[in-house]
Amino acid sequence: MKKALLFLTFFSSVILTEGQTLKQKNTPWPVIEKQMRPWTRWWWMGNAVDEKNLGEALATYARAGIGGVEITPIYGAVGFENRYIDYLSPKWMGMLNYTVKEAAALGMGVDMNNGTGWPFGGPQVTQEFGASKLIVQQYKVSQNESLRELITVKDEKQKKAGAILQSVTAYSANGQVKRLIDMVDASGKLNWTAPGSDWEIYALFSGKTLQQVKRAAPGGQGLVLDHLDKPAVDAYLNRFDQAFAGRPTGVRAFFNDSYEVYGANWTPTFFAEFKRLKGYDLDMHIKELMSKDSSSNEPSRLKSDYRETMSQLLLDNFTINWSNWAHRHHSISRNQSHGSPGNLLDLYAAVDIPETETFGPSYFPIPGLRRDSADVRNVDPDPMMSKFASSAAHVSGKTLVSSETFTWLSEHFKTSFSQAKPEAEKIFLAGINHIFFHGTTFSPSDIPFPGWLFYASTNMVPANTLWPHLKGMNDYLTRCQSLLQAGQADNELLIYWPVYDAWGDPKGLDMPLRVHNVDTWLHPTAFYKQSILLQQNGYSFDFASDLMLSKTKTLKRELVTASTAAPYQTLIIPACRFMPLPTLQHIVALARAGARIIFQELPEDVPGLSNLESNRAAFKLLLQELRFKSVTAGLQQAAVGSGEVLLASDLQQALLYKHIEGEKLTGSGLQFIRRKLTDGRYYYLVNHTANLIDQWIPVNQKTASVTILDPLTGDYGKAETKLKEGKTWVKVYLESGQSLFLQLSNRPKTEKAWLYLSNPGKPLQLDHDWTLHFSSGGPELPADQKLQQLVSWTTLGDPKAVSFSGTGVYTHTFTLPSKLEREYVLDLGQVNESAHVWINGRDAGIIWSIPFKKRIGDYLKPGKNTIRVEVANLMANRIRDMDQKGIKWRNYHEINFVNINYKPFDASGWAPMPSGLLGPVLITGYR
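What counts, and at which threshold
- Residues numbered from 1 in each chain as written.
- Predicted model: local features only at pLDDT ≥ 70, side-chain atom pairs only at ≥ 80, totals over all residues.
- Heavy atoms only, no water.
- Helix = DSSP H or I, 4+ residues; strand = E, 2+ residues; numbered from the N terminus.
- Rg over C-alpha atoms; globule rule 2.2 N^0.38 Å.
- Buried < 20%, exposed > 50% of the residue type's maximum accessible area, 1.4 Å probe, protein only.
- Contact = heavy atoms within 4.5 Å.
- Areas by Shrake-Rupley, 256 points an atom, 1.4 Å probe, with all protein chains shown as cover.
- 1 Å grid on protein atoms, 1.4 Å probe; cavity = no way out; pocket = protein on both sides within 12 Å on 5 of 7 lines; lining within 4 Å.
- Points joined across faces, edges and corners; volume = space filled by probe spheres on them.
- Expected span 1.5 Å × (residues − 1).
- Bend = angle between axes of the 7 residues up to and from the residue.
- Salt bridge = Lys/Arg side-chain N within 4 Å of Asp/Glu carboxyl O.
- Pairing = 2+ DSSP bridges.
- Nonpolar A, V, L, I, M, F, W, Y, C, P; charged D, E, K, R; others polar.
- Polar contact = N/O pair within 3.5 Å; in protein donor to acceptor, adjacent residues only side chain to side chain.
- pLDDT = per-residue confidence, 0-100.
- Core = buried A, V, L, I, M, F, W, Y, C linked by side-chain atoms within 4.5 Å.
- Axes fitted to C-alpha atoms, helices over the stretch in contact; angles between N-to-C directions.
- Parallel < 35°, antiparallel > 145°, perpendicular 65-115°, else oblique.
- Left-handed = near helix turned anticlockwise from the far one by under 90°.
- Phe/Tyr/Trp six-rings, centres within 6.5 Å; stacked < 30°, edge-to-face > 60°.
- Lys NZ or Arg CZ within 6 Å of the ring centre and 35° of its normal.

This next bit is on the overall build of the protein chain. Per the secondary structure count, the protein chain includes 21 helices and 44 strands. Its C-alpha atoms give the protein chain a radius of gyration of 30 Å, near enough to 30 Å, the size a compact globule of 927 residues would have. Dimensions of the protein chain along its principal axes, counting C-alpha atoms only, are 105 × 75 × 55 Å. Within the protein chain, the fraction of its 927 residues that count as buried is 62%. Within the protein chain, contacts between residues separated by at least 24 positions form 78% of all contacts whose residues are at least 6 apart in sequence. Carbon and sulfur atoms make up 50% of the accessible area of the protein chain, which amounts to about 34,800 Å² in all.

Structural data, given as structure tokens:
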């Protein structure tokens, strides 16, 4: 009991609940806690760490506004092997303990990967417990003859790995099936004569993938784990138990990266587990399991049962088992479920912090936003994919949903904060509220520029020339997350995910559901298309699995999925082919208890082969009991108990019939997400259109007060509102690329009015007479310049400026009239890539993202004013120069350092990247 209380105390201290949303004094902003700040994946290359450099690094991260680190050891740098520390050795544990202690003193947290590189594996994984795969060999035997060939595995590597023959099944030409495993002797000889006709024989071996841990660190090399086998998982985790020696680690969360266990489609106990879960013998259906015939129904149904079994084994034996292990160590679990051959919603929901990831750049029509064609992947990052993680958290009543963020956002050294901002906003809109940068490489102080770097990183490292301005972006992300972690998710619809339609695919065996192939398993489905349509029409929703629905109850005509989750108004069933009988039964039971259910189409059938005929008969009978009556064209209704079931191909038609409206504000082009508070709501509004949105927008409720909160600056004020058509309308002004929060409440949160920028005066253009001084960077500082025109450093005619990466300081003096306007906005125009501004010697803040504008009225005075703009460019030009000169800066074990296409990295052929303040610089007064 004492251990349980300790865990619950720790858990409540790291998960922000509604009751913990304390306010900063005299402002509507919450008190900032460490989980509200962005965290970062922290690669320990070769585990070559020491206390001095660890302490200095953590202090540097804290000053930049990073809230925590996730330790992930990987391969090391060549030539530094004498600094390597074996993973989980006593010395390594000492480094972990020091890190946790120093981080806590800095107000930071520490997460830890339960392995090195990825996926889970290492020296403790024996051949017995390594990732497994099925191997099927086929033989033909003529009538009245015996098989002369021995039934032994043919692959020499599998022989050495100890592949085990688990089944031998014979199929006759006239449809007979015989189990022959007991007729095979120890040498592999089959003692059987084919009766009556020719026969095909299928022999199944339990083999091994032989996959090694990718990007492993010293002490972490070895075979990848069999995630489907509980004894294998327990043996794997036992190494950590021994290293921890019963002492608390202070680690907030243990982490598991995306499931990249290739070809692991079996476990030695699969036959027995399949029989337990599905009720029939899989070994009598090996021919159908291996079939590539898409015209036959039986292989599809069999594969559905096979995939469902694999999903259950992964959930029970790995995910829940591992999460429980973390709890026993007074920590929580954080897991990337995508890529798994299982039900993603259930796998995400089984842990404390579900985590998604973004990979590659998205398209945004924001003017001036760079998106290099060479950086585009096969599919854009899809926020609907991220909603699997956020839905799992919302439906199960968890607060935090994290994301591995900015992975391969661009080619190395070319990522700007302006590119990062809309990507972060995109996942915020999908329900993510706990960002992890991908990421930060530990590098000792004696390593010259650019330090040690990991190949798939956005390089959030102190050597990055943008680092001095990182706190600007981090403050924005922190303010966003402080509100997005408050209260509860506020989504009115619960949408059923018909995973059995995916599992019924006749192609292949296991079905990893990856972020990289959503165009095959997600995009073509009615589920996805209807979700997109509903979102465009202003509806908010979460996804639910069959297991989640089985735990859902009806209370006061609403759907309650967990005691700590916000209720839903309506359950949506998109068109699907397959639905399990228990799921349909529970849906009808929810309606009978008062819930509202909307089917786009009635499901066609039950999935799988298990109890097929009896399940199918009960399924059809239950559907027939729904007595639908036509309400209007395209809409039918059936009363069920005290609830109802609606049937409509147009889901919005059914929703509007029941007076459930989407948020009309999406008609303006704005995107939004809501959070429910005890005394109101937060609306997070984002303008990713190409245009200014300056208009009145409605919100779906009537409220007494609306406060605007600007997460970019921390400013706030009372919004202009009006009551119209029973709703509150709010005046908003958002330029392309900007965002804000609305706080709806029963009483005012501030008396200060929000100043709208809707009445500009004539702008003052600062287009000449600038001085430019290069203050820091390399390889050499270019000479100072006097500029009559703002141009890129690379066109100044100074070779040093072409290869320079660092900061340049621009200074200019201008004059304002004796009577100042109410507010002024500084518009820097084109900035490559980030700026820090001082006006009249006062710090006016970091302007780090498009549209590079800031309110500066408080810093100005009548008459003469001085502006100083510190601009940081990308690392790209210096790296280009180093590669052109043949300077050796990348030399690592394993994959070394590759480009975005996983080819050897070489920047020598790059064109110089534009750098500096290009303007035009304008100062505009607003009346």
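The subject of this paragraph is empty space enclosed by the protein. A full pass over the atoms with the stated rule returns eight cavities of 30 Å³ or more. Estimated volume of the largest cavity: approximately 160 Å³. Every residue lining the largest cavity is counted, 18 residues in all, and those nearest its centre are E357, F359, D380, P381 and D382. When residues of the lining of the largest cavity are traced back to their parent elements, those giving at least two are strand 12 (353-359), helix 10 (383-396) and helix 11 (417-429).

All right, on to helix 10 then. Under the 1.5 Å per step criterion, the end-to-end length of helix 10 is 20 Å for 14 residues, consistent within 8% with the ideal 20 Å. At A389, helix 10 is bent by approximately 30°, the largest bend along its length. In terms of burial, helix 10 is largely enclosed, as twelve of its 14 residues are buried. Where helix 10 ends, the next residue or the one after it, G397, has phi of about 80°, a positive value.

To continue, consider the pattern of salt bridges. Taken as a whole and judged by the stated rule, the model has 48 salt bridges. With a closest N to O distance of 3.4 Å, E156 and K159 form a salt bridge. With E156 and K159 both in helix 4 (residues 156-161), this residue pair falls three residues apart, about one helical turn. With relative accessibility at 42%, the residue K159 sits in the partly exposed group. In the salt-bridge network here, residues are joined through shared partners; they are R41, E70, D111, R252, D257, R334, E355 and E404.

Right, let's talk about the pairing of strand 36 (residues 805-816) for a bit. For strand 36, a buried count of nine out of twelve residues is recorded, marking the element as mostly surrounded by other parts of the structure. Here seven bridges tie strand 34 (residues 770-778) to strand 36, and the two strands are oriented antiparallel to one another. Each residue of the ladder has a partner; that of G778, found in strand 36, is S805. As judged from the ten bridges shared by strand 36 and strand 42 (residues 863-872), these two strands associate in the antiparallel manner.

Attention shifts here to the pairing of strand 28 (residues 705-709). When you tally the buried positions in strand 28, you get five out of five residues, the bulk of the element. By the alternation rule, side chains of strand 28 split into S705, T707 and L709 and V706 and I708, which are all buried. Pairing of strand 28 with strand 32 (residues 739-745) involves five bridges; the strand directions are antiparallel. Opposite S705, over in strand 32, you have S745 as the bridge partner.

In this structure, the largest pocket spans a volume of roughly 940 Å³. Lining the largest pocket are 45 residues; nearest its centre among them are D710, T713, K853, K854 and R855. Listed by contribution, the elements that provide at least two residues to the lining of the largest pocket are helix 12 (470-484), strand 31 (727-734), strand 32, strand 37 (823-827), strand 40 (842-847), strand 41 (853-855) and strand 44 (922-926). Taken together, the residues that form the lining of the largest pocket break down as 19 nonpolar, twelve polar and 14 charged.

On to the side chain of H836. In this fold, H836 is placed in strand 39 (residues 834-839). For H836, a relative accessible area of 11% puts it in the buried group. Polar contacts involving the side chain of H836 include one to the side chain of D843, which spans 2.8 Å. When neighbours within four sequence positions are excluded, H836 is seen to be in contact with H469, D843, G845, I846, R868, V869 and E870.

Let us look at the confidence of the model for the protein chain. When pLDDT is low, close inspection of the predicted coordinates is not appropriate. On average, the protein chain scores 95 in pLDDT, and the residues at 70 or more come to 97%. Counted against residues more than four places away or in other chains, residues 1-21, with its pLDDT under 50, gives 39 contacts.

You can see R301 is positioned in helix 8 (residues 297-328). Owing to a relative accessible area of 4%, R301 belongs among the buried residues under this scheme. What R301 contacts, discounting residues up to four positions off in sequence, is F578, D605, V606, P607, G608, L609, L612 and R616.

What follows concerns the sheet that holds strand 37. An order of 33-44-37-41 is seen for the four strands of this open sheet, with the pairing classed as antiparallel. Of all strands in the sheet, those with a lone pairing partner are strand 33 (764-765) and strand 41, marking the two edges. The sheet contact formed by strand 33 and strand 44 spans two bridges and is antiparallel. Of the residues in strand 44, the one forming a bridge with L764 is I923.

What follows concerns the environment of K414. Position of K414 among the secondary structure elements: in the loop between strand 13 (402-407) and helix 11. For K414, a relative accessible area of 14% corresponds to the buried category. When the C-alpha atoms of K414 and N459 are compared, they prove to be 9.9 Å apart, with 45 residues separating the residues in sequence. Those residues in contact with K414, other than ones at most four positions away along the chain, are R370, D372, Q419, L874, A876, W910 and M913.

Before going further, it helps to examine the nonpolar core. By size, the foremost hydrophobic cluster in this structure holds 212 residues, and its most contacted members are W42, W92, M112, F388, F413, M473 and Y684. The dominant element in this core, judged by the number of residues it contributes, is helix 8, at ten residues. Beyond its immediate sequence surroundings of up to four residues, Y684 is in contact with E425, F428, L429, Y476, C480, L484, Q671, F672, I673, S739, L740 and F741. If you look at the next biggest cluster of nonpolar residues, it comprises 36 residues, including L766, L796, A801 and I839.

Below, the discussion takes up the packing of helix 5 (residues 230-244) against helix 8. Between helix 5 and helix 8, the least distance of the axes is 10 Å, while the angle of their chain directions is 20°. Here helix 5 is positioned roughly parallel relative to helix 8, judged by the angle of their axes. The handedness of the crossing between helix 5 and helix 8 is right-handed. Residues K230, V233, D234, L237, F240, D241 and F244 of helix 5 form the contact with helix 8, whose participating residues are N317, F318, N321, W322 and W325. Tallied by class, residues from the contact of helix 5 with helix 8 come to seven nonpolar, two polar and three charged.

Let's shift gears to the sheet that holds strand 34. Taken in spatial order, the six strands make up an open sheet running 35-34-36-42-39-40, and their pairing is antiparallel. This sheet does not close on itself; its edge strands, each paired only once, are strand 35 (785-787) and strand 40. Neighbour to neighbour, the strand axes of the sheet diverge by 25° on average, direction disregarded.

For the rest of this paragraph, the subject is the packing of aromatic side chains. Taken as a whole, this structure holds 59 aromatic pairs when the rule is applied. Ring geometry for F413 versus W889: centroids 5.7 Å apart, planes at 75°, classification edge-to-face. Within this pair, whereas F413 is found in the loop between strand 13 and helix 11, its partner W889 is found in the loop between helix 21 (876-884) and strand 43 (916-919), the two being separated by 476 residues in sequence. Assigned by exposure class, F413 and W889 land together as buried. The ring of Y716 carries K752 above its face, with NZ or CZ at 4.2 Å from the centroid.

Time to look at the environment of D226. Topologically, D226 is positioned in the loop between strand 9 (223-224) and helix 5. At 3.0 Å, the side chain of D226 and the backbone nitrogen of L228 are in polar contact. Side chain to side chain, D226 and T267 meet in a polar contact 2.7 Å long.

A separate point is the packing of helix 2 (residues 51-63) against helix 3 (residues 90-105). Interaxial distance between helix 2 and helix 3 falls to 10 Å at its minimum, and their mutual angle equals 30°. As judged from the angle between their axes, helix 2 and helix 3 are roughly parallel. Helix 3 is crossed by helix 2, and the crossing has right-handed handedness. The residues of helix 3 that touch helix 2, namely those facing E51, L54, G55 and L58, are M95, Y98, T99, E102 and A103. Grouping the amino acids of the contact of helix 2 with helix 3 by side-chain chemistry returns five nonpolar, two polar and two charged.

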